[in-house]
Amino acid sequence: MSPLVITLIVVAVVLLVLVGVVIGAYNGLVVLRNRVEEAWSDITVQLKRRTDLIPNLVNSVKGYATHEKEVFEKVTEARSAIMNAGSVAETAKAENALEGALKSLFAVSEAYPELKANQNFLQLQQELVDTEDKIQAARRFYNGGVRDLNTKIQTFPTNIIAGMFGFQSKEFFDVEDRASVENPVEVKF
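Criteria and cut-off values
Residues numbered from 1 in each chain as written. Predicted model: local features only at pLDDT ≥ 70, side-chain atom pairs only at ≥ 80, totals over all residues. Heavy atoms only, no water. Helix = DSSP H or I, 4+ residues; strand = E, 2+ residues; numbered from the N terminus. Phe/Tyr/Trp six-rings, centres within 6.5 Å; stacked < 30°, edge-to-face > 60°. Buried < 20%, exposed > 50% of the residue type's maximum accessible area, 1.4 Å probe, protein only. Lys NZ or Arg CZ within 6 Å of the ring centre and 35° of its normal. Salt bridge = Lys/Arg side-chain N within 4 Å of Asp/Glu carboxyl O. Patch = residues over 30% accessible without salt bridge, like charges linked within 9 Å, V, L, I, M, F, W, Y side chains within 5 Å. Areas by Shrake-Rupley, 256 points an atom, 1.4 Å probe, with all protein chains shown as cover. Contact = heavy atoms within 4.5 Å. Axes fitted to C-alpha atoms, helices over the stretch in contact; angles between N-to-C directions. Parallel < 35°, antiparallel > 145°, perpendicular 65-115°, else oblique. Left-handed = near helix turned anticlockwise from the far one by under 90°. Nonpolar A, V, L, I, M, F, W, Y, C, P; charged D, E, K, R; others polar. Core = buried A, V, L, I, M, F, W, Y, C linked by side-chain atoms within 4.5 Å. Arc of directions from axis to C-beta.

Examining unusual backbone geometry
Part 1 of the argument: Looking along the chain, the bond that leaves Phe-156 and enters Pro-157 is cis, with omega of 0 degrees.
Part 2 of the argument: Relative to the helices and strands, Pro-157 resides in the loop between α5 (119-154) and α6 (158-165).

Now the structure itself:
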């Protein structure tokens, strides 16, 4: 074989390897982006479930505590904010407001022993606790996907490919109020 043929073969192999690396990196980024989008969808499903439970919970408390109008308004406003949130950051902020409003609602329920014994209220409370657990799990899954995608976007050589194809880093779904993480909503029976 002539040196020209050997050079052409080496160049072709190098190009094939580079194309393989680009394809592999691109496909890896697509997989991670899709996982993040799926995880966000899971979060929105759970948030929707919770926002659907809240009016029933508020109505069962209203029957016993009609003079607690301010608490009901805060819960309603926080619920509306979650439903209208457009970004991860807006959702996280609305999530924090709702957690605080729910704490107030449960505090009101503590003052009414007959409400605490109401089966409908207890069932709604349990469903809300279950939904909160699912939201936390979905948040962890989402943040893990965001971590993996952002790491891949920022590391060499995939950072070059990510830039070429317009992949963007995603925001973490963080709880701003660390106290609410350390002291979650306490539900007493």
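So that's the structure; there's more coming.
Focus on the packing of aromatic side chains
The geometry of an aromatic ring pair comes down to the distance between the two centres and the angle between the two planes.
Part 1 of the argument: According to the stated counting rule, one finds 4 aromatic pairs in the structure shown.
Part 2 of the argument: An angle of 55 degrees between the planes, with centres 5.3 Å apart, marks the rings of Trp-40 and Tyr-142 as tilted. Taken as a pair, Trp-40 in helix α1 (residues 3-62) and Tyr-142 in helix α5 lie far apart in primary sequence, 102 residues in all.
Part 3 of the argument: Note on Tyr-142: relative accessible area 2%, which makes it buried.
Part 4 of the argument: For the pair Trp-40 and Phe-173, a centre-to-centre distance of 5.5 Å together with 80 degrees between the ring planes defines the contact as edge-to-face. Residue Trp-40 is found in helix α1, and its partner Phe-173 is found in the loop between α6 and α7 (178-182); the two are separated by 133 residues along the sequence.
Part 5 of the argument: Here a set of aromatic residues connected by ring pairs shows up, and it is made of Tyr-26, Phe-165 and Phe-167.
Part 6 of the argument: Over the aromatic face of Phe-173 sits the side chain of Arg-139, whose NZ or CZ is 4.6 Å from the ring centroid.

So, the pattern of salt bridges
Should their charged atoms come close, side chains of opposite charge can pair.
Part 1 of the argument: Under the criterion given, the structure shown has 8 salt bridges.
Part 2 of the argument: Among the salt bridges present, the one from Asp-52 reaches Lys-48, with a minimum N-O distance of 3.0 Å. With Asp-52 and Lys-48 both in helix α1 and 4 residues apart, the pair spans about one turn of that helix.
Part 3 of the argument: The salt bridge involving Glu-95 is made with Arg-139; its shortest N-O contact spans 3.4 Å. Remark: Arg-139 occurs in helix α5 and Glu-95 occurs in helix α3 (residues 88-110); sequence separation between them is 44 residues. Residues Glu-95 and Arg-139 agree in their burial class; the two are buried.
Part 4 of the argument: When salt bridges that share partners are traced, they join Arg-50, Glu-95, Glu-132 and Arg-139 into one network.

Concerning a nonpolar patch on the surface
Part 1 of the argument: On the surface, a nonpolar cluster with roughly 1100 Å² of combined accessible area is contributed by Met-1, Val-5, Ile-6, Ile-9, Val-10, Val-11, Val-13, Val-14, Leu-15, Val-17, Leu-18 and Val-21.
Part 2 of the argument: Within the secondary structure, Val-17 sits in helix α1.

Comments concerning the side chain of Arg-50
Part 1 of the argument: Take Arg-50: it is sitting in helix α1.
Part 2 of the argument: Note on Arg-50: relative accessible area 0%, which makes it buried.
Part 3 of the argument: Excluding residues that lie within four positions of it along the chain, Arg-50 makes contacts with Ile-82, Glu-95, Leu-98, Leu-102, Leu-128, Thr-131, Glu-132 and Ile-135.

Some points on the packing of α1 against α3
Part 1 of the argument: Axis separation between α1 and α3 bottoms out at 12 Å; the angle between their running directions is 30 degrees. Considered as vectors, α1 and α3 are oriented roughly parallel to each other. The two elements α1 and α3 cross, and the hand of that crossing is left-handed. Residues Trp-40, Leu-47, Arg-50, Ile-54, Leu-57, Val-58 and Val-61 of α1 touch α3, and the partners they reach there are Val-88, Thr-91, Glu-95, Leu-98, Leu-102, Leu-105, Phe-106 and Val-108.
Part 2 of the argument: Taken together, the residues that form the contact of α1 with α3 break down as 12 nonpolar, 1 polar and 2 charged.

Here's the deal with the nonpolar core
Part 1 of the argument: Among the nonpolar cores identified, the biggest contains 43 residues, and Leu-29, Leu-57, Val-61, Leu-102, Leu-105 and Tyr-142 are the most heavily contacted of them.
Part 2 of the argument: Counting only elements with at least two residues in this core, the list comes to α1, α2 (69-84), α3, α5 and α6.
Part 3 of the argument: In terms of residue count, α1 provides more of this core than any other element does, 13 residues in total.
Part 4 of the argument: Contacts of Leu-57, omitting those with residues within four sequence positions, involve Leu-102, Leu-105, Phe-106, Phe-121, Leu-124, Gln-125 and Leu-128.

Structural notes on α6
Part 1 of the argument: Regarding α6, the residues found buried are Thr-158, Ile-161 and Ala-162. Seen along its axis, α6 keeps its buried residues to an arc of 100 degrees; they face one direction. For α6, the exposed residues set more than 90 degrees away from the buried face come down to Gly-163 and Met-164.
Part 2 of the argument: A positive phi of about 75 degrees marks Gly-166, the residue just after α6.

Such coordinate-based values are descriptive only and should not be taken to indicate function.
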